[in-house]
Amino acid sequence: MENETLFSEDTEPPGTMTGLVVAQNEVTDFFSSPTNNSQPSLAKSKPERLYFPFKDSPRSRAFRKKHYPDISRIEWFDWRWQFQNAIRDVQVLDTIIHLSDNERQAMMHPSGDLPVAITPYYASLISTEDPSSPLRRSVVPVVDECLHTKGEEEDPLCEDADSPVPGIVHRYPDRVLFLVTDICATYCRYCTRSRIFGRQHQCFIDTAKWEKALAYIESNPNIRDVLLSGGDPLTLSDEKLEWLLSRLKDIPHVELIRIGTKAPVVLPQRITPALVSMLKKYHPLWMSIHITHPDELTPEMSAACIRLADAGIPLGSQTVLLSGINDSVSTMSRLVHGLLQIRVRPYYLYQCDPIPGSSHFRTPISKGLEIIQGLRGHTTGYAVPTYVVDAPGGGGKIPLLPEYATGWDKGDLLMRNYEGNIFRYPDNHAESKDIH
Ligand code: SF4
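Below, the structure is looked at part by part. What you are looking at is a predicted structure, and each value in this text was computed from that prediction instead of being measured. (Residues numbered from 1 in each chain as written. Predicted model: local features only at pLDDT ≥ 70, side-chain atom pairs only at ≥ 80, totals over all residues.)

### A word on the site of the ligand
Phase 1: With respect to spatial proximity, the complete set of residues near the ligand consists of Cys184, Tyr187, Cys188, Cys191, Arg193, Gly230, Gly231, Asp232, Lys262 and His290.
Phase 2: For the shell around the ligand, a count of residues per class yields four nonpolar, three polar and three charged. (Near = placed C-beta within 6 Å. Nonpolar A, V, L, I, M, F, W, Y, C, P; charged D, E, K, R; others polar.)

### A look at the sheet that holds strand S4 (residues 256–261)
Phase 1: Sheet architecture is open: nine strands sit in the order S1-S2-S3-S4-S5-S6-S7-S8-S9, paired in mixed fashion. Looking along the sheet, the strands with just one partner apiece sit at the ends: strand S1 (168–172) and strand S9 (396–399). Geometrically, the sheet is characterised by an average inter-axis angle of 30° between neighbouring strands, direction not taken into account.
Phase 2: As paired elements, strand S8 (residues 386–391) and S9 share four bridges and run antiparallel to each other. Each residue of the ladder has a partner; that of valine 388, found in S9, is proline 399.
Phase 3: Its contacts with the sheet put helix H16 (residues 365–375) on strand S6 (315–321), strand S7 (344–351) and S8, and the angle it makes with S7 is roughly 155°. (Pairing = 2+ DSSP bridges. Helix = DSSP H or I, 4+ residues; strand = E, 2+ residues; numbered from the N terminus. Axes fitted to C-alpha atoms, helices over the stretch in contact; angles between N-to-C directions. Contact = placed C-beta atoms within 7 Å.)

### Details of unusual backbone geometry
Phase 1: The omega torsion across glycine 230 and glycine 231 is 15°, close enough to zero to call that bond cis.
Phase 2: The topology assignment puts glycine 231 in the loop between strand S3 (225–229) and helix H11 (238–249).
Phase 3: Residue proline 284 is reached from histidine 283 by a cis peptide bond, and omega for that bond is 0°.
Phase 4: Topologically, proline 284 is positioned in the loop between helix H13 (273–279) and strand S5 (285–290).
Phase 5: Although it is not a glycine, histidine 98 adopts a positive phi angle of roughly 50°.
Phase 6: Within the fold, histidine 98 resides in the loop between helix H6 (90–97) and helix H7 (101–108).
Phase 7: Using a count of 14 C-beta atoms within 10 Å as the deciding quantity, one classes histidine 98 as partly exposed.
Phase 8: Located in the positive-phi region is cysteine 158, a residue other than glycine, with phi close to 50°. (Buried ≥ 20, exposed ≤ 12 C-beta atoms within 10 Å, placed from the backbone.)

### What to know about helix H3 (residues 58–67)
Phase 1: Within the span of H3, buried status applies to Ser60, Phe63 and Arg64. Buried residues along H3 cover an arc of 100° about the axis, so they all sit on one side. Those residues of H3 that are exposed and aimed more than 90 degrees away from the buried face are Pro58, Ala62, Lys65 and Lys66. (Arc of directions from axis to C-beta.)

### Concerning the pairing of strand S10 (residues 405–409)
Phase 1: Bridge count between S10 and strand S11 (residues 412–416): four bridges; the pairing is antiparallel. Bridge pairing in S11 places glycine 407 opposite leucine 414.
Phase 2: Between S10 and S11, which pair antiparallel in sequence order, lie two residues; one of them, lysine 410, sits at a positive phi of approximately 50°.

### Description of the nonpolar core
Phase 1: Ranked by internal contacts, the top residues of the largest apolar core, which has 82 residues, are Ile118, Val176, Phe178 and Ala185.
Phase 2: Inspection of this core shows a minimum of three residues originating in each of domain 1 (2–142) and domain 2 (160–399).
Phase 3: Not counting the four nearest positions on each side in its chain, alanine 185 is found in contact with Phe83, Ala86, Ala117, Thr119, Asp232, Thr235, Ala263, Val266 and Leu267.
Phase 4: Residues Ile71, Trp76, Phe77 and Trp81 belong to the second largest nonpolar core, which totals five residues. (Core = buried A, V, L, I, M, F, W, Y, C linked by C-beta atoms within 7 Å. Domains from an automatic or database assignment.)

### Quick word on the pairing of S7
Phase 1: Here S6 pairs with S7 via seven bridges, running parallel. By the bridge assignment for S7, threonine 319 is matched with leucine 349.
Phase 2: Read as a crossover between parallel neighbours, the route from S6 over helix H15 (residues 329–341) to S7 is right-handed.
Phase 3: With three bridges joining them, S7 and S8 adopt parallel strand pairing. What sits directly across from tyrosine 348, in S8, is threonine 386.
Phase 4: Once the chain exits S7 it traverses H16 before rejoining the sheet at S8, and the crossover so formed is right-handed. (Right-handed = clockwise from strand over helix to strand, strands pointing away.)

### Quick word on the sheet that holds S10
Phase 1: One open sheet accounts for three strands, arranged S10-S11-S12; its pairing is antiparallel. Edge positions in the sheet fall to S10 and strand S12 (422–426), since each of these pairs with one other strand and no more. Looking at each pair of strands side by side, their axes are set apart by 30° on average, direction ignored.

Here it is, written out as structure tokens:
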């Protein structure tokens, strides 16, 4: 197996930081191949020597030399090393980013099920001194997570109610969400699915559960589109992921496979040449990349996206609107323009879902509308994501737009343009309507 070959020479990566051995053991099984011998076997991937042959940024190089002096550049660029050495321990994190009392308390007394894990690469992007900096707030817990306010629910989108078999959410007629894992390389504090991470016995990396989910998809000819999500599907080994993709590809009515991931952002080393050559066998394959802030647009992340785009994988972004993190027109402009440069089309801007302890992240709806208004017309439409509220109660994604249509007058539609000027369109084919 790929990982066995990789680690047979060196079972524990040298320079592993104190306190991380437990975390490493927790993920050992994670790299193993599908265990059910009845499953089709796929060709073994060759071990890669240069996992991510891109130049590291001066920032990440300086960080590695300071905090991981015994780790070589090759190890740093090995996604498995990054994954296994994700920072979970309060003492380790404190040596890197000087935790505030608030953060330290939140790490020592977690309020919910959402674990803490931050890849060393992503830690290198975080402000060491400022607890209010955007990337730090998105991955380091604070005590506000204990504050549960009105309207918050563990499963606000009622995904569990739309789950006919474990791992499948079937809400829309022609597509399903397939939750293939409950593991991420780095955990976002505002995660909609934070409820799944603490369910000790509900781990989705279970081939028996995958088989049931695949059987459900096979038996529903209306399903033409499958979105692999979790957790993060790109934390699976190439071998496991290919097993899933090949099984889906064999289902005649599945026309499209999509992958939702944050790996290019928190673990860009994962986008190896071997991964992209495997993925491109399963076209049409689309990818939605979860990105939060322009500070995540690093040389490494850009190289990962360009590599995916070069493999013909259409890339879209998904961003959660977060108070004090990305809730301004200027921040969002920098983000969407940076994304277009690396061939990622801004796709969705989500209103933050009301999970327990999320009030410090949520913005008023007017903020999302203000951002869309600040983008639309001021830049190309390719840069403007669709702003949606995923309706609590299971109503699905509902798009929200600033009020561009202001009414009718003598059969004309009155419209406001991006500069605030009113224009008329002769809506001759519609029933006559007037402004009231
Ligand atoms: S990467 Fe996605 S699934 Fe994982 S913690 Fe972040 S939002 Fe949740």
